[in-house]
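Reading the structure
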Amino acid sequence: MPELPEVETVMRGLDARLTGRRIKRATLHRADIRWPVPPELPRVLTGARVLGFRRRGKFMLMRLDNGQSVLIHLGMSGRMLLDAPPAAHEHLTIETEEGGRVGFVDPRRFGVLDLVPTAEEDSHKLLAGMGPEPLGNEFSAPVLAAALKGRTSAIKAALLDQRIVAGIGNIYASEALFRAGIDPRRAAGKISRPRIEALVQAIRDTLREAIAAGGSSLRDYVQPNGELGYFQHAWKVYGRAGEACERCPGPPACHGIKCITQSGRSTYYCPKTQK
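Quick caveat, the model's predicted, so the values are computed rather than measured.

Cut-offs used in this document
Residues numbered from 1 in each chain as written. Predicted model: local features only at pLDDT ≥ 70, side-chain atom pairs only at ≥ 80, totals over all residues. Heavy atoms only, no water. Helix = DSSP H or I, 4+ residues; strand = E, 2+ residues; numbered from the N terminus. Rg over C-alpha atoms; globule rule 2.2 N^0.38 Å. Contact = heavy atoms within 4.5 Å. Areas by Shrake-Rupley, 256 points an atom, 1.4 Å probe, with all protein chains shown as cover. Lys, Arg positive; Asp, Glu negative; His and termini not counted. Charge placed at Lys NZ, Arg CZ, Asp CG, Glu CD. Salt bridge = Lys/Arg side-chain N within 4 Å of Asp/Glu carboxyl O. Buried < 20%, exposed > 50% of the residue type's maximum accessible area, 1.4 Å probe, protein only. Arc of directions from axis to C-beta. Expected span 1.5 Å × (residues − 1). Pairing = 2+ DSSP bridges. Axes fitted to C-alpha atoms, helices over the stretch in contact; angles between N-to-C directions. Left-handed = near helix turned anticlockwise from the far one by under 90°. Parallel < 35°, antiparallel > 145°, perpendicular 65-115°, else oblique. Nonpolar A, V, L, I, M, F, W, Y, C, P; charged D, E, K, R; others polar.

Let's shift gears to the overall build of the chain. Along its length, the chain carries six helices and 10 strands. Computed over its C-alpha atoms, the radius of gyration of the chain comes to 20 Å, within 12% of the 19 Å expected for a compact globule of 275 residues. Once the C-alpha set of the chain is aligned to its principal axes, its extents read approximately 65 × 35 × 30 Å. Within the chain, contacts between residues at least 6 apart in sequence are counted, and of these 65% link residues at least 24 apart. Summed over its atoms, the accessible surface of the chain is roughly 12,200 Å², and 49% of this surface lies on carbon and sulfur atoms. Between the averaged position of the 40 positive side-chain charges in the chain and that of its 29 negative side-chain charges there is a distance of 7 Å.

Using the criterion set out here, one finds 19 salt bridges in the structure. The closest approach of N and O atoms between Asp32 and Arg30, which form a salt bridge, is 3.5 Å. Between Asp161 and Arg163 there is a salt bridge, with its nearest N and O atoms 2.9 Å apart. In this structure Asp161 comes out as buried when scored by relative accessible area, which is 15%. Each of Glu8, Arg12, Arg55, Arg56 and Glu133 takes part in a single network of salt bridges with overlapping partners.

Let us look at helix α3 (residues 141-148). Of the residues making up α3, those classed as buried are Ala141, Leu144 and Leu148. What you see down the axis of α3 is that its buried residues fit within an arc of 70°, all on one side. Those residues of α3 that are buried lie in contact with α4 (155-160) and α6 (193-212). Looking at the residues trailing α3, positive phi occurs at Gly150, about 80°.

Here α6 contains 20 residues, and its C-alpha end-to-end distance of 29 Å stays within 8% of the 28 Å for a straight helix at 1.5 Å per residue. Listing the buried residues of α6 in full gives Ile196, Leu199, Val200, Ala202, Ile203, Arg204, Thr206, Leu207, Ala210 and Ile211. In the core, the buried residues of α6 are packed alongside α1 (4-18), α3, α4 and α5 (170-180). Of the residues one or two after α6, Gly214 is the one with positive phi, at around 90°.

Strand order in the open sheet formed by four strands is β1-β6-β7-β5, with antiparallel pairing between adjacent strands. At either end of the open sheet lies a strand with only one pairing partner, and these are β1 (23-28) and β5 (79-82). Strand-to-strand, the axes of this sheet are offset by a mean angle of 15°, without reference to chain direction. In terms of strand pairing, β1 meets strand β6 (residues 90-96) through five bridges, oriented antiparallel. Directly across from Ile23, in β6, lies its bridge partner Thr96. Where α1 meets the sheet, it contacts β5, β6 and β7 (101-105), and its direction lies at approximately 30° from that of β5.

With antiparallel pairing, the four strands of this open sheet are ordered in space as β2-β3-β4-β8. The sheet is open, and its two borders are formed by β2 (50-56) and β8 (112-117), each paired with just one other strand. If you compare each strand with its neighbour and ignore which way they point, the axes differ by 25° on average. Sheet analysis places β2 next to strand β3 (residues 59-64), joined by six bridges and oriented antiparallel. In the strand pairing of β3, Val50 is matched with Leu64. Its contacts with the sheet put α1 on β2 and β3, and the angle it makes with β2 is roughly 175°.

Let us now look at the packing of α3 against α6. Packing of α3 against α6 leaves a shortest axis separation of 9 Å and a crossing angle of 115°. With respect to the hand of their crossing, α3 and α6 are arranged in right-handed fashion. Taking contact as the criterion, the partners of Ala141, Pro142, Leu144, Ala145 and Leu148 in α3 are, on α6, Arg193, Ile196, Glu197, Leu199 and Val200.

Between α5 and α6, whose axes approach to 8 Å, the crossing angle comes to 130°. If you check the angle between α5 and α6, you find them oblique. α5 and α6 meet at a crossing whose hand is right-handed. Residue-level inspection shows Tyr172, Glu175, Ala176, Leu177, Arg179 and Ala180 of α5 in contact with α6, the latter providing Arg195, Ala198, Leu199, Ala202, Ile203, Asp205, Thr206, Leu207, Glu209 and Ala210. Across the contact of α5 with α6, the residue classes break down as 10 nonpolar, one polar and five charged.

Here you go:
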């Protein structure tokens with residue numbers, strides 16, 4: 001599933017192409033994907049001007065000049081195609097007065113399309129209760145320390161909890177924990193303040209580098225311009241089980257990156273350098 005960097009990359013592409021444009025026509029090709037799509041969506045979109053975009057966690061919000069926002073979640077296989085011919089599994093088509101075309105494609109139908117008044121975005125049932133944005137000023141070591149206090153769950157699981165911090169998924173949790181030198185199995189409430197400070201910085205650095213690289217290519221993920229993300233070429237642990245990590249001198253001192261399962265998800269880490 002696309003994580004924060006991938007969603008940010010897609011949103012920036014949509015923003016560059018749609019903001020300031022007026023929608024000439026919107027066509028809904030399927031009434032439901034993960035959940036039913038509001039039947040009034042085409043009517044609300046048609047004739048509206050796009051004012052801009054906002055990302056909240058792994059969700060995108062397209063703000064319109066009629067006071068409504070379109071909530072978009074890519075799910076597991078969703079992608080946005082710009083100025084491309086109609087594609088299979090294209091559930092929503094948006095055409096602008098300038099001749100632009102955007103298609104929301106989602107073969108597995110785990111994505112979300114919904115409407116919410118712009119002034120009430122944060123009250124939407126899928127956004128309410130979300131934790132701070134990891135790249136925002138509201139995310140800090142004191143904030144994370146308070147959220148982790150008393151938690152006995154593993155720190156990896158805590159980072160995936162969107163109520164603690166928004167937008168972090170499986171890949172970037174593993175990557176950030178490696179950079180911070182923290183064992184993903186360690187109890188979240190037992191991590192010292194200096195190590196939490198290091199973790200906050202590692203989260204920020206990991207996400208910023210991934211966004212700069214255009215996101216990671218995972219299965220069906222593509223950027224709006226059709227280019228695949230390539231941050232996976234900079235992964236330090238994810239998907240590298242058995243390889244030596246960059247901090248170890250190699251065998252026999254290093255036994256390689258290990259892959260374990262936590263809460264049904266693959267976790268990659270270096271047992272030697274992450275404590």
